[in-house]
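This is what each chain is made of:
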Amino acid sequence: MLQIVYLLLCTETIFSSVPESEFFSFGHSVNDAKLHPNDDGSSPVQNISVTFEFFSEHHSQLFVNTNGLISFVRAVSAFTSEQFPKIKNRIVLAPFWADINTGRCGSTCKWTTGTASHNTEVIDLGALPDSNIGLGGSSGADSGLGGIPAQVGFNMGDEIHYYSVEGSRRSEIINLPNLSNVKYAGKFVFRVDLRDIEPAPTPDADQCFLKAADILFVVDLSLSIDIHDLKNLISDFVLKLPINAMECQIAMKSFSTSARTEFRFKDHKTKTEILAHIAKMSTAKGVSNLKDALRSTTQMFSYNDGSRLYATRFVIIFTDGLMAASEELKIQADHLRSFSNMIVATVGIGSSVKHHHLELISSDFNSILRPSANSFWKYLQSALAVPGCLACEVEFGGEIRILLENSGSMTQEVFKEGRQFIYTLIEELTSFNLTNVNSSVDIFSNEVTEAIPLQNISGMDYKLGGLSIVEHTENNMNNVNRSLLVQHIKDMTSSSTSFIIFISNGIFLNSHLIEKLKHSINKSSIIVSVGIGENTNWDNVEDLATYGYFVFSSEDAHLLARYLKKRNENNDMHINCIKPIHNRDSTTCIIIKTISMFTITKHALCRI
C-alpha cells in the first residue's frame, strides 16, 4: 500500500485556501471524536485501521495535538514550534504547528481533522477568540506577527527524512495559502513509504494534477470486437494519463468466455510497460461473458492487490454489449457499484453496440462514454481534477447541421413531426445568444434541398419560414439518393467541428450505408439521430448515431431544451461536463451538448 501525505491548509481565521470538500469526511456523521477546548492539549492515543508506513517505521497509533501536530510516539504539548530536522522522539506530521488555544472558544470550537489512513490534513480552526493563530505566535504573543511563527512539514526524527515548507518559523509563512508542490495553492503531496522522500510529480504547464485514482480496464476480447481499434483506443487513453504513485495507477482484466487478470495495481506498471502489454493482446475465442468478469473484478480492489483506500475507484468496461442482459449480470453490476468511491463507466466498441446492456452496468447516464481518448480524459478531469487547476477561458465554435428525411416511407404526419422538432430546437438554440455557432437545415430524399442555408445561429429563428414551405413528398418508398447524401455529408463536414443531426424513421438505412455515412464525417464531428414516427427502425437509428450514444425521439426537443435553459440560468456550462447522451428515452438533450461545446467556457481545464 502506498503511503502518501497530503498537507492541506483550511482555516477561516486569517486566510482560506483548500476547500473543505477536499478533506476526508469528518464530524459526528462519520463517528469522529472531538477534542475538548484546551490549551496545549492532545487526544488520547488513537488506533488507526491501516498501518502507516513512515519511511523505516510502521505506525498503528497516533496522537492529535491541539497545536497543529500529529505525532506517533507520544503526545506533544510544546507550543513553540521547533525547526526541522528535530531528532529523537519528534516523529510528527506538522500541518500547522503553532500556539493554538481553544480553551476559551467553548461551543464555538469547530472540528479538527487529523488523519484518515494515509492522508494527513490540517486543522480547521474556525474563528478562535484570543488564540495565537495569526502566524502561530508563542511565548506570550497574541496574534499577528508576534512570537515564533508556525512550522509546516513533517519530521522523521533521524535528521534525514524531513521536509519544512518554505517560510516556516519566519514571517513569510503567511504566504502558505499561495504555496504548493503540485500547483494547487495550499496543498503539498509526498510519498513517505520509500527509502527517500518522493514528492508528487510537478504537473506540466498544460496539465492538471489529478486526485488519486485506481483505474481498472475491463476489456472485451471476444470475437465480435475489432481488436485493432480497441488497442489503439486504450493506448491513446493511457498516453494521456498521469500514471505515477500519486495520481493514477492502472490494472487490467480481459474477458471473453472466461475472465483473465492481465495485471494488478500492485504491479505498478509504468506507462511504457502498459502500452507494451496492450500491444501484445489478441482476440480470444468465444463470446462475451461479462457477468463472470464483473464477479472477479471486485477482487482487484483489495488491499493485497494494491488498491489504495483513499483513491477514487474507476472500472472502465470496453465492450459492444453483445451478451445476455441477465438478472445475474445486473446483480454483479449492482454489487460492483456498491463499493465505496466506485465509479463504473462503459465504452461501446463497434458500430452495433447494445447500449441498453451498457445502461445496466454504468454508474449513471454520464458514465456511458463515447470511444474517444479525449472524452475519457475530460471525464476523469471532471471527476478528479483539482478545483481551479490551471483555469483558463476557451472559446469553442462549430456548426449544427440538421437533415430531415422527406422520402416516401415518411407519412405527411411524420414529416410534420420532424419539422416541429426542428422548430423547437432552433427556437431554443437562438434564445441562448450564441456568438460563434452556425447552423443549417437540409431536406433529403432523392435530392438534397437547402431549406435554411448555413448562417449564424442567432438569426435562424427568422428563417424558419423557409422550412415551412417545404412540401411532403409522395414518392416511392425507396427514393433516398444514398450516394448523393453521402457526398453531401462529406462536403459539409470537410474541416469544421459539427453536429450532424439526422431526423428520420431509419427505414432507408442499412448497415452498408450507415458505415459509409459514419466514415464520411471528420473526426471532430458527431452524428446525432432523432427517430420519428411509430414505425421507426430504432436499431438503424441507434447504429447511425456516433456509436449509438446520441439518439433521441421527436418528443425530446422541448423537454430537453427546458432543461438546458435551467442549466444556462445557473451558469453551469463547462467543457468538462460534456458527456454523451445515450438513448432515445432520455430526458436530457443534445442541445445541452451543443451549447456546452460551442459557448465561451470559463474555468475550463486547459488539458483537453
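Rules of the game
Residues numbered from 1 in each chain as written. Predicted model: local features only at pLDDT ≥ 70, side-chain atom pairs only at ≥ 80, totals over all residues. Heavy atoms only, no water. Helix = DSSP H or I, 4+ residues; strand = E, 2+ residues; numbered from the N terminus. Buried < 20%, exposed > 50% of the residue type's maximum accessible area, 1.4 Å probe, protein only. Contact = heavy atoms within 4.5 Å. Areas by Shrake-Rupley, 256 points an atom, 1.4 Å probe, with all protein chains shown as cover. pLDDT = per-residue confidence, 0-100. Pairing = 2+ DSSP bridges. Right-handed = clockwise from strand over helix to strand, strands pointing away. Core = buried A, V, L, I, M, F, W, Y, C linked by side-chain atoms within 4.5 Å. Phe/Tyr/Trp six-rings, centres within 6.5 Å; stacked < 30°, edge-to-face > 60°. Axes fitted to C-alpha atoms, helices over the stretch in contact; angles between N-to-C directions. Parallel < 35°, antiparallel > 145°, perpendicular 65-115°, else oblique. Nonpolar A, V, L, I, M, F, W, Y, C, P; charged D, E, K, R; others polar. Salt bridge = Lys/Arg side-chain N within 4 Å of Asp/Glu carboxyl O. Left-handed = near helix turned anticlockwise from the far one by under 90°.

Here we take up the overall build of the chain. A tally of regular secondary structure across the chain gives 13 helices and 25 strands. Put simply, the chain has 608 residues, and 56% of those count as buried. A fraction of 72% describes how many contacts in the chain between residues 6 or more apart in sequence connect residues 24 or more apart. Here the chain displays about 25,300 Å² of accessible surface, and carbon together with sulfur accounts for 47% of that area.

Considering every residue of the chain, the mean pLDDT works out to 75; 74% of them sit at 70 or more. Mean pLDDT values for the elements of the chain range from 26 in strand β25 (residues 600–605) up to 95 in helix α2 (residues 271–280). Counting contacts from residues 124–135, a segment whose pLDDT is below 50, to residues more than four positions away or on other chains yields 44 contacts. Per-residue pLDDT stays below 50 along residues 388–396; that stretch engages in 36 contacts with residues further than four places along the chain or on separate chains.

With respect to burial, strand β13 (residues 248–255) is a largely interior element, 8 of its 8 residues being buried. On β13, burial covers both faces: Cys248, Ile250, Met252 and Ser254 on one face and Gln249, Ala251, Lys253 and Phe255 on the other are all buried. Pairing between strand β12 (residues 213–220) and β13: 8 bridges, direction parallel. What sits directly across from Val219, in β13, is Ser254. Crossover handedness for the path β12 to helix α1 (residues 227–240) to β13: right-handed.

The biggest cluster of nonpolar side chains holds 35 residues, and the ones touching the most others in it are Ile215, Phe217, Val219, Leu230, Ile234, Leu241 and Phe318. Elements with a contribution of two residues or more to this core: β12, α1, β13, α2, β15 (312–319), β16 (342–348) and α6 (373–384). Here Leu230 is in contact with Val219, Asp220, Leu221, Ile225, Phe318 and Ile349, once residues within four sequence places are set aside. In terms of nonpolar packing, the next biggest core, distinct from the first, is built from 30 residues, Phe415, Tyr423, Leu467 and Ile526 among them.

Here the structure, examined in full by the defined rule, presents 16 aromatic pairs. Residues Tyr163 and Phe188 carry aromatic rings whose centres are separated by 6.5 Å and whose planes lie at 45° to one another, so their mutual orientation is tilted. Taken together, the positions of Tyr163 in strand β9 (residues 162–164) and Phe188 in strand β10 (residues 187–191) put the pair 25 residues apart, joining distant regions of the chain. Among the residues examined, Phe188 registers a relative accessible area of 5% and is labelled buried.

A sheet is described by the order of its strands in space; here 6 strands give the open sequence β14-β13-β12-β15-β16-β17, paired in mixed fashion. Among the strands making up the open sheet, the edge pair consists of β14 (259–263) and β17 (368–369). Of the strand pairs in this sheet, β16 and β17 are connected by 2 bridges, and their pairing is parallel. Among the inter-strand pairings, Val347 is bridged to a residue of β17, identified as Leu369.

Further remarks concern the pairing of β15. In terms of residue burial, β15 counts as a mostly covered element, since 7 of its 8 residues are buried. Examined bridge by bridge, β12 and β15 share 7 bridges and lie parallel to one another. If you follow Asp214 over to β15, its bridge partner there is Arg313. Here 7 bridges tie β15 to β16, and the two strands are oriented parallel to one another. By the bridge assignment for β16, Thr319 is matched with Gly348. Regarding the hand of the β-α-β motif, the stretch spanning β15, helix α4 (residues 327–337) and β16 is right-handed.

Here the focus is the packing of α1 against α2. Axes are the key here: two packed helices are described by the angle between their axes and the distance separating the axes. Put simply, α1 and α2 touch, their axes get as near as 10 Å, and they point 175° apart. Overall, the two elements α1 and α2 adopt an arrangement that is roughly antiparallel. The segment α1 lies against α2, with Lys231, Ile234, Ser235, Val238 and Leu239 engaging Lys271, Ile274, Leu275, Ile278 and Ala279. In the contact of α1 with α2, the residues fall into 7 nonpolar, 1 polar and 2 charged.

Under the criterion given, the structure shown has 11 salt bridges. Here Arg170 ties to Glu172 by a salt bridge, and the two come within 3.3 Å at their closest N and O atoms. Among the residues examined, Arg170 registers a relative accessible area of 42% and is labelled partly exposed. Where Arg264 meets Asp305, a salt bridge forms, and the shortest distance between an N and an O atom there is 3.1 Å.

We now examine the sheet that holds strand β24 (residues 551–553). Read across the sheet, 6 strands follow the order β21-β20-β19-β22-β23-β24 without closing on themselves; strand pairing throughout is mixed. For this open sheet the edge positions go to β21 (448–456) and β24, each flanked by a neighbour on one side alone. The average angle at which neighbouring strand axes cross in this sheet is 15°, direction not considered. As defined by bridge partners, strand β19 (residues 398–405) adjoins strand β22 (residues 498–504) across 6 bridges and the pair is classed as parallel.

This part is about unusual backbone geometry. Here the residue pair Phe84 and Pro85 is connected by a cis peptide bond, since its omega of 5° sits within 30 degrees of zero. Tracing the backbone through its elements, the reader meets Pro85 in the loop between β4 (69–71) and β5 (92–97). At Phe55, a position not held by glycine, the phi torsion is positive, near 55°. Mapped onto the fold, Phe55 is located in the loop between β2 (46–54) and β3 (57–65). Residue class for Phe55 comes out buried when judged on its relative accessible area of 7%.

Between helix α3 (residues 290–297) and α4, the least distance of the axes is 9 Å, while the angle of their chain directions is 25°. In terms of orientation, α3 lies roughly parallel with respect to α4. As α3 runs across α4, the sense of the crossing is left-handed. On the side of α3, the interface is formed by Leu290, Lys291, Leu294, Arg295 and Thr297, while α4 contributes Glu328, Leu329, Gln332, Ala333 and Leu336. When grouped by side-chain class, the residues that make up the contact of α3 with α4 number 5 nonpolar, 2 polar and 3 charged.

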